[in-house]
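What follows is the residue order along each chain.
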Amino acid sequence: MKYFWGIFFISLHAMVPLVLTAVGEIIGETAGLFNIGLEGILLTCAFMGVVGAKMGGPAAGLLIGMGIGGLIGLIFSIINTYWKGNQMITGIGVNLFALGFVAFGLIMLGSPGFQAVPASGRLAPIQTPVGSLSPIIFVALVVPFLAHWFLKRTRAGLILKAAGETPEAADVAGINVNLVRLLATTFGGVLAGLGGAYISVSWIGSVTKEISAGRGFIALATVVFSGLNPLLGLLGGFIFGFFESLATWIRNLPGSKAIPWQFIAMIPYVVTLLVVAGVVGRVRFPKALGEPYKRE
Amino acid sequence: MSADARAAGSRWRSLGRRTLTGLNPALESLLAGAVGLLVGALLMKMWGYSPVKAYAALFQGAYGDLYGFASSLARGTPLILTALTFSICVRAGMFNIGAEGQLIVGALAAVTVGYFTLPAALHVIVALIFAMVAGAAWSIVPALLKTARGVSEVISTIMFNWVSHFLAFYLVANILTDPIRGEKTISVPLSARFPLLVRGTDLSYGLFAAVAFAVVMYFILWHTVTGYEVRAAGLNPTAARYGGINSRRTMLLSFILGGMGAGLAGACIVMGEPPTYAVFSGLGNIAGVGFDGMAVAMVGRNHPIGIIIAAVFFGGLTAGGRIMQLTAGVPLEMVRVVEGIIVLAMAVPELVRLFRFIRSQFRRVLGGRSAQ
Amino acid sequence: MNEAGETRKKADKDGYFLRAEGITKVYSDGTVALKKVTLEIHPHEILGLLGENGAGKTTLTKILSGLLPPTQGRVISPHGPVKFSSPREALDFGIGMVHQHFALVGTFTAAENVALSHRRPFTRLHLATTRKRLEEMMEESGLRVPLDVPVEKLAVGEQQRVEVLKVLSRDVNLLILDEPTSVLTPLEVDELFVLLRRLREAGKSIILITHKLKEVGSVTDRIVVLRHGEMAGDVRTAEATSERLARLMVGETVELIGKKAVELAEGEPARDEGAVRQTAQRAGASVLHVEGLAVKADTREIAVKDLSFDVYGGEIFGIAGVEGNGQSELVEALTGLRKPTQGVATINGTDVLGKDPREIYRLGVAHVPEDRWKLGLVLPFTLAENAILGVQRWKEFRGPLSFLRWRKINQHVRELMDRFGIQATGPGAPAKSLSGGNQQKLIVGRELAKDPAIVIASQPTRGLDIGAAQYIRNLLLEMRDNGRAILLVSADLDEVLALCDRMAIMYEGRFMVVVRPGELGREKIGLLMGGVAAKEAA
């Protein structure tokens, strides 16, 4: 029983970047843009979070992370709406750029490969009798509900769905499809940026070149699992976060030495693969996803 | 402006326009390269470095002397192959992001030939075959998932990358370990190594293997029926179906060929890289080659010839980057930043047209009389 | 020629809602869709807009409803000129269009689709209010639609009603309907007309685009006929006869040939249509035999109903008719792209339905598709690469180890270029650099090289300039003279009349009649194309 809280809390922590990024991408994909550069955003903003935290404390770190995430999202969407670019290649470019930028930036900060956030820059956790929780966890719990309400119950949500599903009909109804997609994906970038900054400022407390560890792609898998429903995105994020925490927990089990740690580390990725393979085909994506919109 | 001057001006413009359209693909790559280097220069300036000094050191280091040039080619060798992985699959209409992982299993498979002996030439060939089979095996599962279940190959190949990442850690530390030095695998034996091409450098005959593979891929794609079908299905699946082409088959085939290429890349690294000829537990010598290959593929316009040229360029960036770090003090990670910007620039189609559009907007704002 | 002058005099007394003056529309690829069309729209009126395919009806209404800008000309209202830069502006002004291919978001319900076009940005979705309003409108208009089902699950007729409700909910004064009855059952058509009459009583203007003569006669007050982008006639319905309308729609043969001769003189050397036609008697065996064929369209409606016919060797069998009457589905069923629901079709005795396109090729069927870019060509490929599409595995092109014999292929392509006059820089030219005509010649050449038993040509001269079109037509005749069977589907009536030995007129999935071209006058043909049955036309 004493393990339960441990696993549960680690899962909650692990789910935050997944849920935030996934919900952001859900909004973006609902409007029609497919962003595989999420990994790059997470990585960049984890790094920028450290930079911000060093300069102005945890709040600055988180805000800068969100800002940079939004900026990257903005650049991505401009290239892929008004400039009719190729979404896949743009996403790959973002990822490559992030790899270089973060490695470069770490060197600039003076400690190649690793940078810890000073205690003054860490976000104070909330203490409970059974463990500590990051406040951002609560943000990650609330955001899906807000997003769900937004998509289902506001006219803006309707507009987003129209832009992604049948942009021609949206155009006829007078909606500026490119602008809608731009706003949606920029906002998705902001959420992913928060997720990235959270990793360094609030959770792990440091940043390395590989801190994102494929979470951007696991978030994409979460989006697939969610079928573009933010609430299911929350569930999916928690499930994947759980498997991530499982890896840590198994190591503490007696007899765990028998299983090599490398295989345990593989678990989140294998699970992601299985979930996507099992779920795909049953979910339905916006018809115009991934296609740039050209009038007539 | 006199009528004559205007006429002359328009003659120049139409000449320029004609050349631009003709050179379009290559020009886009050059333009993207220029944009990348420019932004890199800006970043360097921001951080207080001298871009001129840095780039001078970079290019001098990469192409200035034999040693540098050999290094560039050596770095470029595996890039040719991982770029082909991406490109072959792009030609078939798919995005294979798994070169990274396929390369790792290829390298590990090549290393296993150290457990038995064979005459030299045969040993090399067997090692290459092992590597290619391993690479193909690692890439076929995502392909099957896509054709059978419609799973996005982007997600599946990335997941496979991470699985192979950890699998490699395990194998290096436990199964394939060098009994003397625990942080690496056994070395590829002498009989299975690529001899050095240029003494004192790390350029080996692996370069020829890579170029040979590129040439073979060129012939397959453009000179065989199968390659033709792959390309047709990638460009217009409906018309291709009409022409009797089974696009599922072509997708699977492209992944197999791509996996072979990546596996071969892994082999070239471990079989051609002095002094250790092994895989290290940190995967230092093989990490990142898969991703860089994608940038090379895009700049090389997904064509084997372009890829070879682009690979030499990107290899030069990496090799020269080291010199740049030594001489001008700019960390070599800047190279990857530049790469990322280049790819972003390539994502905008018709970059040239965008460029012209911006220029025409300038004209409209500045000169009313010449506006048309 | 027309009574536009008299009608206009009357309208000036009554006042007009909107007036289009001298509207000309030239598309970016040079197609002239409309030429100086002037039209007046009055309140309390249902105006029928009649014309064949390509006459310009949809283009004109797109301009009126703000989707397209005119190249020349203007639109004025009693308050001054109006200019719309988006459909929303037109809607705000009071013009709403119900498109032929609905502008609905499939996954939305009817209520959500209507809410989409309303002007209340970003605030809470007052779906409840919208629903209430919709229900009121349904009462008023008599249109019933399930409000909470995703629109894509509704029957096509219901979807159309959602479109109409969507437009009505914006309080429009001009309602434009583009071929609304093509997807409705007769009962639904009646209901729609009842609604239209009610709207007219309320003072609204309605434009009904159609090619169906009977309908236009039953519900409109005035009829405007467009032909080849020009105004051909403006008559009051009460004074129009089907014959007259048909004549206005398809024109006089004499006049048409005269016009074509003029256009030809400016371009290619003229090819006299009379000399081109050789009406020798052919008596080949039946190559394509079709019996009881029924095919469903994508919308789950039945597009082809119980069709039976034969095409013989050495003849051109033409299927004329306005597009959308099942021709595409028929061709798709015969070429392996669509499974029919019932019926039999054989090529020289071998069953052909439900088979793979490649098998159908082997049976001797060649296909010149109506959508060259989607089905016929791989645009980024070179000429040579496109020329072998479908036959890439032939022994003469394939060497050992599956290598392609480019030398042989290029030689083959050069022969094609020679024989068919394909203008290009060489076999290595990318297909997308060719003009439409040359692309089509490439496709025809490629298909012919397969030495087929039957060639199915679907809209083969669409989008081609006069010279290229004439060339293709001569090719078809040549093929026929060499004993092949040809099935020609074309919305261009002149083409069918000039080329075919036998022709059928297709309307709503059936053949109205199968005759020799000379047997029926143009007028009767126009009637049949408009759905007026043979005996009524007599």
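Residues numbered from 1 in each chain as written. Chains lettered and ligands numbered in written order. Predicted model: local features only at pLDDT ≥ 70, side-chain atom pairs only at ≥ 80, totals over all residues.

### Brief notes about the overall build of chain C
- Each helix and strand in chain C was counted, giving 21 helices and 20 strands.
- Relative to its full complement of 538 residues, chain C shows a buried share of 46%.
- Counted over contacts in chain C with a minimum sequence separation of 6, partners at least 24 positions apart contribute 69%. (Helix = DSSP H or I, 4+ residues; strand = E, 2+ residues; numbered from the N terminus. Buried ≥ 20, exposed ≤ 12 C-beta atoms within 10 Å, placed from the backbone. Contact = placed C-beta atoms within 7 Å.)

### What to know about the overall build of chain B
- For chain B, the count of helices and strands is 14 helices and 0 strands.
- Starting at the N terminus, the α and β elements of chain B follow one another as α-α-α-α-α-α-α-α-α-α-α-α-α-α.
- Taken across its 372 residues, chain B has 55% of its residues classed as buried.
- For chain B, restricting intrachain contacts to residue pairs at least 6 apart in sequence, the fraction spanning at least 24 positions comes to 76%.

### Remarks on the sheet that holds strand 2 (residues 32–41) of chain C
Residues and elements named next belong to chain C.
- Across the sheet, 4 strands lie side by side as 2-1-4-5; this open sheet has antiparallel pairing. Bordering the open sheet on either side are strand 2 and strand 5 (80–82), each of which pairs with just one other strand. Taken over all neighbouring pairs, the strand axes of this sheet differ in orientation by 25° on average, direction set aside.
- Relative to strand 2, strand 1 (residues 18–26) runs antiparallel, the two being bridged by 6 bridges. (Pairing = 2+ DSSP bridges. Axes fitted to C-alpha atoms, helices over the stretch in contact; angles between N-to-C directions.)

### A closer look at the pairing of strand 13 (residues 316–320) of chain C
All names here are of chain C.
- For strand 13, the tally of buried residues reaches 5 of 5 residues, placing the bulk of the element in the interior.
- Residues I316, G318 and A320 point to one face of strand 13 and F317 and I319 to the other, with burial holding for every one of them.
- With 4 bridges joining them, strand 13 and strand 18 (residues 485–489) adopt parallel strand pairing. Note on strand 18: the bridge partner recorded for G318 is L488.

### Focus: the domain arrangement of chain C
Residue and element names in this part refer to chain C.
- By domain assignment, chain C separates into domain 1 (1–94 + 172–251), domain 2 (103–171) and domain 3 (260–377 + 452–537).
- With 11 residues of domain 1 in contact, the opposing surface of domain 2 contributes 10 residues.
- Broken down by element, the residue count for the side of domain 1 that touches domain 2 peaks at 4 residues, all from helix 7 (residues 186–201). (Domains from an automatic or database assignment.)

### A closer look at the interface of chain C and chain B
- With 20 residues of chain C in contact, the opposing surface of chain B contributes 15 residues.
- Mapped by element, the contributors of at least two residues to the side of chain C that touches chain B are helix 13 (357–362) and helix 14 (372–376) of chain C.
- Among the residues forming the side of chain C that touches chain B, the class breakdown is 11 nonpolar, 4 polar and 5 charged. (Nonpolar A, V, L, I, M, F, W, Y, C, P; charged D, E, K, R; others polar.)

### Observations regarding the sheet that holds strand 17 (residues 454–458) of chain C
All names here are of chain C.
- Taken together, the 6 strands give an open sheet; going across it, the order is 16-17-18-13-19-20, and neighbouring strands pair in mixed fashion. Two strands bound the open sheet, and with one partner strand each, they are strand 16 (365–368) and strand 20 (510–515). Mean inter-strand twist for the sheet, computed between neighbouring axes without regard to direction, equals 15°.
- Pairing between strand 17 and strand 18: 5 bridges, direction parallel. Following the sheet pairing, A457 is matched in strand 18 by L488.
- Helix-sheet contacts for helix 12 (residues 327–334) involve strand 13, strand 17, strand 18 and strand 19 (502–507), and the interaxial angle to strand 17 is about 150°.
- Lying over the sheet, helix 17 (residues 436–449) contacts strand 16 and strand 17, oriented at roughly 180° with respect to strand 16.

### With respect to the interface of chain A and chain B
- Counting residues at the interface gives 38 residues for chain A, matched by 38 residues for chain B.
- Of all the secondary-structure elements, those providing two or more residues to the side of chain A that touches chain B are helix 3 (87–108), helix 8 (215–226) and helix 10 (261–279) of chain A.
- At 15 residues, the largest contribution of residues to the side of chain A that touches chain B is made by helix 3 of chain A.
- Residue composition of the side of chain A that touches chain B, grouped by class: 28 nonpolar, 9 polar and 1 charged.

### So, the confidence of the model for chain C
Residues and elements named next belong to chain C.
- Mean pLDDT for chain C: 80, with 88% of residues reaching 70 or above.
- With pLDDT under 50 throughout, residues 1–13 is counted as low confidence; its partners more than four residues away or in other chains account for 13 contacts.
- Low pLDDT, under 50, characterises residues 253–282; the predicted model gives this stretch 25 contacts beyond four residues in sequence or across chains.
- Of the two predicted TM-score estimates for the complex, the pTM is 0.81 and the ipTM is 0.84. (pLDDT = per-residue confidence, 0-100.)

### A short note on the pairing of strand 17 of chain C
Residues and elements named next belong to chain C.
- Judged by how many residues are buried, strand 17 sits mostly within the fold: 5 of 5 residues are covered.
- Neither face of strand 17 is open: one carries I454, I456 and S458, the other V455 and A457, and all of them are buried.
- Strand direction decides the pairing type here: strand 16 and strand 17, joined by 4 bridges, are parallel. Bridge assignment links H367 to a residue of strand 17, and that residue is I456.
- In this region the chain leaves strand 17, passes through helix 18 (residues 466–481) and returns to the parallel neighbour strand 18; the handedness of that crossover is right-handed. (Right-handed = clockwise from strand over helix to strand, strands pointing away.)

### As for the environment of C:L379
All names here are of chain C.
- With respect to the element layout, L379 can be found in the loop between helix 14 and helix 15 (383–387).
- By C-beta crowding, L379 is classed as partly exposed, having 18 other C-beta atoms within 10 Å.
- Measuring from C-alpha to C-alpha, the distance between L379 and Y361 comes to 22 Å, with 18 residues separating the pair along the chain.
- Setting aside anything within four residues of it in sequence, one finds L379 in contact with W373, A431 and K432.

### Focus on the packing of helix 7 (residues 206–223) of chain B against helix 10 (residues 247–272) of chain B
Residue and element names in this part refer to chain B.
- Remark: helix 7 packs on helix 10, axes separated minimally by 9 Å, with the N-to-C direction vectors making an angle of 170°. Between helix 7 and helix 10, the interaxial angle falls into the category roughly antiparallel. Facing G206, A209, A210, F213 and M217 of helix 7, the residues of helix 10 in contact are L257, G261, L264, C268, M271 and G272.
- Its residues assigned to classes, the contact of helix 7 with helix 10 shows 8 nonpolar, 3 polar and no charged. (Parallel < 35°, antiparallel > 145°, perpendicular 65-115°, else oblique.)

### Some details on the packing of helix 4 (residues 99–111) of chain B against helix 6 (residues 153–175) of chain B
All names here are of chain B.
- As a packed pair, helix 4 and helix 6 sit with axes 8 Å apart at the nearest point and diverge in direction by 25°. As far as their axial angle goes, helix 6 and helix 4 are roughly parallel. Between helix 4 and helix 6 lies a crossing whose hand is left-handed. Between helix 4 and helix 6, the contacting residues are E100, G101, I104, V105 and L108 on the first element and F160, N161, S164, H165, A168 and L171 on the second.
- Tallied by class, residues from the contact of helix 4 with helix 6 come to 6 nonpolar, 4 polar and 1 charged. (Left-handed = near helix turned anticlockwise from the far one by under 90°.)

### With respect to helix 12 of chain C
Residue and element names in this part refer to chain C.
- Across the 8 residues of helix 12, 8 count as buried, placing the element largely inside the fold.
- Inspection of helix 12 places Q327, S328, E329, L330, V331, E332, A333 and L334 among the buried residues, and these make up the whole buried set.
- Directly after helix 12, the chain includes G336, whose backbone phi takes a positive value near 90°.

### Focus on the confidence of the model for chain B
Residues and elements named next belong to chain B.
- In this model, chain B carries a mean pLDDT of 85, and residues with pLDDT of at least 70 account for 89%.
- Residue range residues 16–22 is modelled with pLDDT below 50. Its contacts to residues more than four positions away, or to other chains, number 2 contacts.
- Below pLDDT 50 for its whole length, residues 368–372 participates in 3 contacts with residues either more than four positions away or in separate chains.

### A few points about the environment of C:Q439
- Note that C:Q439 resides in helix 17.
- Those residues within four positions of C:Q439 in sequence are excluded, and the remaining contacts are C:R372, C:L377, C:A431 and C:L434.

### A short note on the environment of B:P119
- Positionally, B:P119 belongs in the loop between helix 4 and helix 5 (120–149).
- Separated by 43 residues in the primary sequence, B:P119 and B:W162 have C-alpha atoms spaced 35 Å apart.

### A few points about helix 11 (residues 289–299) of chain B
All names here are of chain B.
- Along helix 11, 11 of the 11 residues are buried, which leaves the element largely enclosed by surrounding structure.
- Residues of helix 11 that are buried include every one of V289, G290, F291, D292, G293, M294, A295, V296, A297, M298 and V299, and no others.
- Directly after helix 11, the chain includes R301, whose backbone phi takes a positive value near 55°.

### Things to note about unusual backbone geometry
- For A:A213, which is not glycine, the phi dihedral falls at a positive 50°.
- Looking at A:A213, the number of C-beta atoms within 10 Å reads 20, which means it is buried.
- Unlike most non-glycine residues, C:S402 shows phi in positive territory, near 70°.
- For C:S402, the location among the structural elements is in the loop between helix 15 and helix 16 (406–420).
- Residue C:S402 is classed as partly exposed on the basis of its 16 C-beta neighbours within 10 Å.

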